Every structure is written in C-alpha cells, then in structure tokens.
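Here is how the chains run, residue by residue.
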Amino acid sequence: MFSQKGIMRKICLLIVVLMALSMFASCAPAEKEEKKVVKIAVAAPMTGDHAEYGISYFESAKLMAAKWNEKGGAGGYTIEVVQYDDKSSGEEAATIAERLVEDMDVVGVIGSYTSGTIMAATPTYQENGLCVISASASHPDYSKQGNYIFRNNTVISVEGATSVECAEENLMSKKIGILYIKTDWGAATNKIMQELIAKTSMELAKVEETIDGSDDYSTPIANFENAGCDTILVVGMHNTFVPFARQYREINPDIQFVAFANLYNQQVIDLGGEAVEGTYFPVAYFNESDDPKVIEYRDAFIKAVGKSPSSLAAQAYDAAGIYCEAIAAVGNDRAAIRDYIAGISYEGVGGMIQFDEVGDAQKTFMKIVIRDGKFVLVD
Amino acid sequence: MKNTNQVIDNFFADISNSIRKNRIIFSVALLTVVAFIPALGLPSYILRIGVMIMIYAILALGLNIPTGYTGQVSIGHAGFFSIGAYTSAILVTQAGWSMLPAMVAAAAIAGIFGFLLGLPTLRVSGTYLSICTLGFAEIVRMAVLNWDTLTNGPMGIKNIPYPTVFGVEMTLRNYGAYYMILVMLVMTSVFVHLIINSKIGRAFRSIKEDELASMMMGVFTMKYKILSFVLSAIISGMAGAFYAHFMRYIDPNSFTFDTSILILSIVILGGMGTMRGMFLGAIILVSFPEALRFLEQYRFVFYGLVLVIMMRYRPQGLLGWRSKSPYEFPKGVDPDKIARGFNNSSSQNKMI
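Reading the values: the criteria
- Residues numbered from 1 in each chain as written.
- Chains lettered and ligands numbered in written order.
- Predicted model: local features only at pLDDT ≥ 70, side-chain atom pairs only at ≥ 80, totals over all residues.
- Heavy atoms only, no water.
- Pairing = 2+ DSSP bridges.
- Helix = DSSP H or I, 4+ residues; strand = E, 2+ residues; numbered from the N terminus.
- Contact = heavy atoms within 4.5 Å.
- Salt bridge = Lys/Arg side-chain N within 4 Å of Asp/Glu carboxyl O.
- Buried < 20%, exposed > 50% of the residue type's maximum accessible area, 1.4 Å probe, protein only.
- Buried area = accessible area lost by both parts, 1.4 Å probe.
- Polar contact = N/O pair within 3.5 Å; in protein donor to acceptor, adjacent residues only side chain to side chain.
- Nonpolar A, V, L, I, M, F, W, Y, C, P; charged D, E, K, R; others polar.
- Domains from an automatic or database assignment.
- pLDDT = per-residue confidence, 0-100.
- Patch = residues over 30% accessible without salt bridge, like charges linked within 9 Å, V, L, I, M, F, W, Y side chains within 5 Å.
- Areas by Shrake-Rupley, 256 points an atom, 1.4 Å probe, with all protein chains shown as cover.
- Phe/Tyr/Trp six-rings, centres within 6.5 Å; stacked < 30°, edge-to-face > 60°.
- Lys NZ or Arg CZ within 6 Å of the ring centre and 35° of its normal.
- Expected span 1.5 Å × (residues − 1).
- Axes fitted to C-alpha atoms, helices over the stretch in contact; angles between N-to-C directions.
- Parallel < 35°, antiparallel > 145°, perpendicular 65-115°, else oblique.
- Left-handed = near helix turned anticlockwise from the far one by under 90°.
- Core = buried A, V, L, I, M, F, W, Y, C linked by side-chain atoms within 4.5 Å.

Participant: Describe the sheet that holds strand 12 (residues 351–355) of chain A, with residues and values.
Facilitator: Strand pairing in a sheet is mediated by backbone hydrogen bonds. Such pairs are either parallel or antiparallel. With antiparallel pairing, the 3 strands of this open sheet are ordered in space as 11-12-13 (chain A). Lying at the two open borders of the sheet, with one neighbouring strand each, are strand 11 (346–348) and strand 13 (361–362) of chain A.

Participant: Explain the environment of Ile322 of chain A residue by residue, including any values.
Facilitator: All names here are of chain A. Within the secondary structure layout, Ile322 lies in helix 12 (residues 311–330). Remark: the alpha-carbon pair of Ile322 and Ile197, spanning 125 residues in sequence, is separated by 34 Å. The contact partners of Ile322, leaving out residues within four places of it in the chain, are Ile133, Ile341, Ile344, Tyr346, Ile353 and Phe355.

Participant: Describe in detail the pattern of salt bridges, supporting the description with residues and values.
Facilitator: Applying the stated rule across the entire model yields 21 salt bridges over all chains. Taking the shortest distance from any N to any O, the salt bridge between Lys367 of chain A and Glu165 of chain A comes out at 3.0 Å. Residue Lys367 of chain A is located in strand 14 (residues 366–371), and its partner Glu165 of chain A is located in helix 6 (residues 156–170); the two are separated by 202 residues in the primary sequence. Glu165 of chain A gets classed as partly exposed once you look at its relative accessible area, which sits at 32%. Each of Lys87 and Glu92 of chain A together with Glu290 and Arg293 of chain B takes part in a single network of salt bridges with overlapping partners.

Participant: If you had to explain the interface of chain B and chain A to someone new, which residues and values would you point to?
Facilitator: Counting residues at the interface gives 38 residues for chain B and 45 residues for chain A. Between chain B and chain A, roughly 3500 Å² of surface is buried when both sides are summed, and carbon and sulfur atoms account for 59% of that area. Along the contact surface separating chain B from chain A lie 5 salt bridges. Asp148 of chain B is the partner of Lys182 of chain A in a salt bridge, and the nearest nitrogen-oxygen pair spans 3.1 Å. There are 12 residue pairs in polar contact (both at pLDDT 80 or more) connecting chain B and chain A. Sorting the residues of the side of chain B that touches chain A by element identifies helix 3 (44–69), helix 6 (127–146), helix 11 (221–247), helix 13 (276–291) and helix 14 (299–313) of chain B as the ones contributing at least two each. Taken together, the residues of the side of chain B that touches chain A break down into 23 nonpolar, 4 polar and 11 charged.

Participant: Tell me about the domain arrangement of chain A, and name the residues and values.
Facilitator: Residue and element names in this part refer to chain A. According to the domain assignment, chain A consists of domain 1 (34–154 + 290–362) and domain 2 (156–283). Placing a centre on the C-alpha atoms of domain 1 and another on those of domain 2 gives a separation of 30 Å. Contact residues are listed per partner, giving 8 residues for domain 1 and 8 residues for domain 2. Of the roughly 710 Å² buried at the junction of domain 1 and domain 2 (both faces included), carbon and sulfur atoms supply 51%. Summed over the three residues of domain 1 that lose the most area to domain 2, namely Ser138, Thr154 and Ser311, the buried surface amounts to 54% of that side. The tally of links between domain 1 and domain 2 comes to 0 residue pairs in polar contact (both at pLDDT 80 or more). Here the side of domain 1 that touches domain 2 is built from residues that sort into 1 nonpolar, 7 polar and no charged.

Participant: Could you give an account of the side chain of Ser236 of chain B, naming the residues involved and the relevant values?
Facilitator: For Ser236 of chain B, the position within the fold is in helix 11. Apart from residues no more than four positions distant in its own chain, Ser236 of chain B is found in contact with Leu59, His77, Phe80 and Phe81 of chain B.

Participant: Just give me the short version of the confidence of the model for chain B, but keep the residues and values in it.
Facilitator: Caution is warranted with low-pLDDT regions, since their predicted coordinates should not be read in detail. Per-chain confidence: chain B averages 84 in pLDDT, with 92% of residues scoring 70 or above. The weakest mean pLDDT in chain B belongs to helix 15 (residues 335–351) of chain B at 62; the strongest belongs to helix 4 (residues 77–93) of chain B at 93.

Participant: Just give me the short version of a nonpolar patch on the surface, but keep the residues and values in it.
Facilitator: Taken together, Ile109, Ile112, Phe113, Phe115, Leu116, Leu119, Leu122, Phe220 and Met222 of chain B make up a surface patch of nonpolar side chains, about 770 Å² in accessible area. Tracing the chain through its elements places Phe115 of chain B in helix 5 (residues 99–118).

Participant: For the packing of aromatic side chains, give the residues involved together with the corresponding values.
Facilitator: Two aromatic rings, taken as a pair, are described by how far apart their centres are and by the angle between their planes. Counting across every chain of the model gives 26 aromatic pairs over all chains. Here Phe224 of chain A and Phe244 of chain A contribute two aromatic rings whose centre-to-centre distance is 6.2 Å and whose plane-to-plane angle is 75°, an arrangement assigned as edge-to-face. Here Phe224 of chain A, found in helix 8 (residues 218–227), pairs with Phe244 of chain A, found in helix 9 (residues 238–251); they are 20 residues apart in sequence, far enough to count as distant. Lying across the ring of Trp68 of chain A, Lys71 of chain A places its NZ or CZ 4.3 Å from the centre. The aromatic ring of Tyr162 of chain B is capped on one face by Arg248 of chain B, whose charged end is 4.2 Å from the ring centroid.

Participant: How would you explain helix 4 of chain B if you had to name every residue and give the values?
Facilitator: The end-to-end C-alpha distance of helix 4 of chain B is 24 Å, a good match for the 24 Å that 17 residues give at a rise of 1.5 Å each. When you tally the buried positions in helix 4 of chain B, you get 16 out of 17 residues, the bulk of the element.

Participant: Residue-level account of the packing of helix 4 of chain B against helix 11 of chain B, with values.
Facilitator: All names here are of chain B. Their axes nearest at 7 Å, the elements helix 4 and helix 11 cross at an angle of 50°. On the basis of the axis angle, helix 4 is oblique to helix 11. Like other packed secondary-structure pairs, helix 4 and helix 11 cross with a definite hand, here right-handed. Residues His77, Phe80, Phe81, Gly84, Ala85, Ser88, Ala89 and Val92 of helix 4 form the contact with helix 11, whose participating residues are Ser232, Ala233, Ser236, Gly237, Ala239, Gly240, Ala241, Tyr243, Ala244 and His245. Here the contact of helix 4 with helix 11 is built from residues that sort into 10 nonpolar, 8 polar and no charged.

Participant: Lay out the nonpolar core with the relevant residues and their values.
Facilitator: The biggest cluster of nonpolar side chains holds 112 residues, and the ones touching the most others in it are Tyr125 of chain A together with Ile55, Phe242 and Ile250 of chain B. Considering every element that reaches this core, the biggest residue donor is helix 3 of chain B, with 17 residues. If near-sequence neighbours (up to four positions away) are discounted, Tyr125 of chain A is found in contact with Ala43, Ile96, Ala97, Leu100, Val101, Val109, Ile118, Leu130, Val132 and Ile149 of chain A. Residues Ile232, Ala245, Ala259 and Val276 of chain A belong to the second largest nonpolar core, which totals 78 residues.

Participant: Help me get a handle on the sheet that holds strand 2 (residues 77–85) of chain A, residues and values and all.
Facilitator: Residue and element names in this part refer to chain A. Pairing is parallel across the open sheet formed by 5 strands, whose spatial order is 2-1-3-4-5. Every interior strand has two partners, whereas the edge strands, strand 2 and strand 5 (149–151), have only one. In this sheet, neighbouring strand axes are inclined to one another by 25° on average, regardless of whether the strands run parallel or antiparallel. Bridge count between strand 4 (residues 131–134) and strand 5: 3 bridges; the pairing is parallel. Among the inter-strand pairings, Ile133 is bridged to a residue of strand 5, identified as Phe150. Packing of helix 12 onto the sheet brings it into contact with strand 1 (36–44), strand 2, strand 3 (106–111) and strand 4, and relative to strand 3 it is tilted by some 165°. Sitting on the sheet, helix 13 (residues 334–342) is in contact with strand 3, strand 4 and strand 5, with an inclination near 40° to strand 4.

Here it is in structure tokens:
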C-alpha cells in the first residue's frame, strides 16, 4: 500500500517536473529576441518510421540559418528554423499547415518526407499563399497543385534518363527488367521508365511489382530469369533493393543492377556487401565532391548529427538556402518571396537550382557506381 | 488505493446523476457553447482540430455500437472509414455526383461491407473476431492500393472538392465545415441514442452481457450482431465521406492500422458502452498530440505515458462508470406488476 502510493507520487512528481522543464525549454528562445525574426518551418516527420529524414532536414536547415545569422542575418532579419512534427501523417500535416499560414513570421515551409503527407497540406498552403519547398516529394502531381508549391527533388523523368543511360552505355545492357514498389513514387517511376526504355535500343523484357517492405523476391527473380534479363532496374528504397540484390546474386551472380538516387545511403553498402557491387545509379548531390560548399556542409552536418548527410538532407539544406536568399532580397513578404523563388538561380550543394514553370527544380545528375564497397563517381 | 478509487467513482457518479437529471438542459447548453466556438475568432487551425475531434467522435460513436454495446471488439474500423472516403471521393471526382448523395452512397456501401464483416461474427467471437476485423481492414487497404483504375492506387485521389451543401462551399474559413460536421455529430448522437434505448439496443446489451442467455431468452443474436456491424459501418462510412472532402486528398496511407487503433483507443479511453465517453475520448486523443507539440520529439512518449496512467487508474475508461441511478423501464412495462407476477408464480410452485 505504502510503496504503491510512493510510486504514484513519484510518477506525479516526474510528470510535473517534465512539464515544467518543457515549458521552460519552449519559453527560453523568446527571451533573447531583439532583432526582427523571420521563421522557416520544417514540417516533417520527427518521430516514427521516417524520423531520420525529418530530423536531417531540420538539422540541415538550422545549419543554413546559422550560416546566414553569423553574417548578420538576411536583409536585417534573424532567421529562426522551427520544427513541426507531422509523423508522416497527412492529417497532422494539414493541421500544421493551418497553423503555419496564420503565423505571419513564417515565410516558408520545408517538408514533408512523403508526397502523400505533404499533398494533404498543399491545398491549405496554396490557398493562403505560403511557399512550400519539398526536398523529397516525388509524386508527379505534387508541384502542379499551385504556384506556391515547389519541389527541390529530382524530377523522375530527368533522373530516370540518367539511369537508363547507365544501363545502356555503362552496362551495355540488351534485355532489361523493372522491379518496382507499389507506392506513389514507384508506380509513377515505373511508368516513366517504361517510356524511356522504349526510346532506346534495349528491350524491356519483364516488369514486376512488389509491396514495399516485402522480403521474399523468389517469384520476380524467377520471372526475370525466364525472360532472360541481363540488367534489372530496381525502383525501390534500400529496404527493397538490398534483399532483392542478395537473393538475385545467389541465383545469378552476373546480373547487373541499375537504381535511383535514393540508394545513395551508406546502409546500402553496409547491408548489401558483395551483392550490391557494380550497381549504377544517378545522384545530384555527392558527399565526396571537392566543391567547397559541399565540404563545408558535409563537415558541419557530421559535426551536428554524427554521420554524413543524405542527398535528401542536402536538398533540404538548399531549400533553406533558397529561402534565406529570398528573405535577404525581398524581406518578410510571402508573395514577393514566391516570385523571387520562381525566378531564382541558386548555386547549392546539389548543383544549380532553377525552378521551371510548374515549380520543379531542374537538376543535373552524376553517375555513381558501387565499387569495392565505396560509392565512386563514374567519369 | 481502493478508497481513492471509490471516491473517484462516487465523484464521477454524482456528477453523472446530476447531469442525468437535467440532461436535456445540459446537452442544449453544451451544444450552444460548441456552436458559438467559431464566433470567438479562434485561429482556423484550432477550428481544424475541432473538426478532427468531431470526425473521430463520430467514428468512435460508430465503433461503440459493436464494441461498447454488443461486445464485438473490432480493430478494423479504418476499413469502413476508408470505404466511405473513397466511395464519396470517386463518385464526386469521377462520376460528377454532388456531395450529399455521394455521402449517402458512401454510407450505404460501407453498410454493405459492414454486413459482410458481420457474417463471421456468427462463427467466431472474442479475439478471433478481432483478428477477422483486422484482416478486413488490411484487405480494404490492399484493394485500394492495387485497384489502380478505380482508386488511382498509391497515387491517391487529389483535388477532391470541398463539401458543398446546396451549392455553398463548406470551408474552414467560412465555418461551414465546422457546422456541417457539428450537425452530423448531433444527428449521429441522436441516432445512436435512439437505437441504444430501443429494443435493438437492449438486445445489443444483452448479447454483450451473456450471449447464450440472451439467445435462450429469444433474442435472435445472429441478426443483432450483424445489425450492430451494419449500423457501425454506416456511421463510419459517412464520417469517411466527410473526411475525404474536408482533407481534399486521400491515399491508402490515410487509413492504416493506426487509424483503427486510434478509434478503438478513443472508445476504450472514453469508456466503452457510454456516449459521453466518446466525446471526451476524441477530445483528449485528437487534441493531445497538438497540445503536446512543445515537447517536440518526446510528445508521443508523453502521450503514451498519459494513456498508460489513465488506463492504470481508470481501467473502465474515463467516463465509464456504472450508472448509479435506478434503471428506467421502457414505457408500458410496470415493474411492480412483473414483481407481483414472479411472487405469484413462486407461490403457485410452492402449492404444487
């Protein structure tokens, strides 16, 4: 009886302390306000399955803001990066959007991770005239939702063209197969890849679909083998690609793989080992680049987070940079910022960024191959 | 420990009794307050949370019928929610229907699926039934994901028009969405209240208390169990239709297992088999994640902690106390007469 009461008291005390602490924490930044502040909001998953990405966006945006604030801010404004966790849920993203459009200090939003999440929020952003730059949305219709909606992510048709080039020129493929995951990105990419392959001399021998997160690929592998494919184009994240590559190389060690920029992730090599050797894919951002901007960002990111940034984090970094430059040029005015961004030519860590009339960034791609357990740039 | 719990119980029961005595005045007063919330000039994101709370309250009222009253625990209600949302979205965007008929169709189609899901209740019960419902929700999600020609598969349906009633767009800005869902919530509450206090409702509760006994008493349990699923599905489907138009973009990820669990948590936390609990449960579980935003990454840790503590000290649900007021007999039933009848028969037995 006594001990139970004691525990209860302790729990209550703990909760009170936690609440007090968190209130304190949330109040703290407000005390040092003197200069005019504008906010860039990162609305992305900070908890849940995709937390890794949301946190890396937030950290990247903070690095960019710190860089500008050190120089004395952008156009007389101190830039503050605020985070809003949407845990990859469209419902939460829509609520956050409603909240952000009313906070007039917020001049731009970066987010979210999946297209489905951000597309539940884009109607609100568009109707109220607040810019969103997504660093990772891949849904073909995402940026068509309005003139305030921008995408600083690879456009599939451009990225895919480089993948097809890898297969045709670097791997000398004759018969190609496509394995795609059944998500918005997978389905859209598959469609575009089929069109791109049809324009080449390669023969599209077999198309197989799979559910994101499955781990047995014996059926698609058998079908690819029967069709006589020499190269497989894998439209999937590393959780699809790695087990698929491992299982396929056990059956046919000579099979070749071509994939997409999302494989630019150290985990692919750590988990895949021998099985992913010789895989070709395109990237827009490369950590090993000798560009001083990339080196500066990479080192700062490693210092802050403890590991190398992904290309998506780099895209979020550039998105924050675009906002900072726009704020420096036109100040705290949402409509003017939109117009500025629409016409921007921004030299970021992921190359030159210009938005087309739809709001998609046009990027150039480099080819990467996995050789001896390392990502190597193809000349 | 027991004493504290008893004190809490009595405290809640006292409140409930006083509310019960003046329930009509109380509901009207509460409704008036809720109806005037938009007039306070609150930011629209708070109104949006209000709308989400009401959507989930409707879903919880729906799930409460099989789970709270009839004792058939379903962990697949996101399935009905999804069917309702997709039906209405497809009818409006592809077939050019207007919203209200599409909503009725959504409720009807969800009801048909409710009938289908009700069928296994004849053979399986308890945890096995729960797994059936879980399977149902997954089948719906996979069908929505793979039936590309109808549902646009993983790409989702976008640009769903706002809810419109007689040509007026119901948005958050003109408070239309808020009042529309409020009207739907009131209608659902009245509907559920009437059902629960009818012959059907009494049959539901008797099945929950003792299925075998109610069968022996002449309750056609098969019919009522299926009916509880059908009614529940209709309500969920209607909520789904509103949700699709309110969110304006739906994809298969909007209706996952998490959604089912959230609805069930509202029912359990609020208090199974009560209507008041559904409102409070929805308010707490929908608004907490927003209210705890200042905790950043830790907010769901805290959220979980709150749930655990609540369940530890109120396992029957926050408002799930047993009513201490005397049982009200339906009209035309005279308890004294029944009691006399029992006495007579027992004395007759003695004579024999």
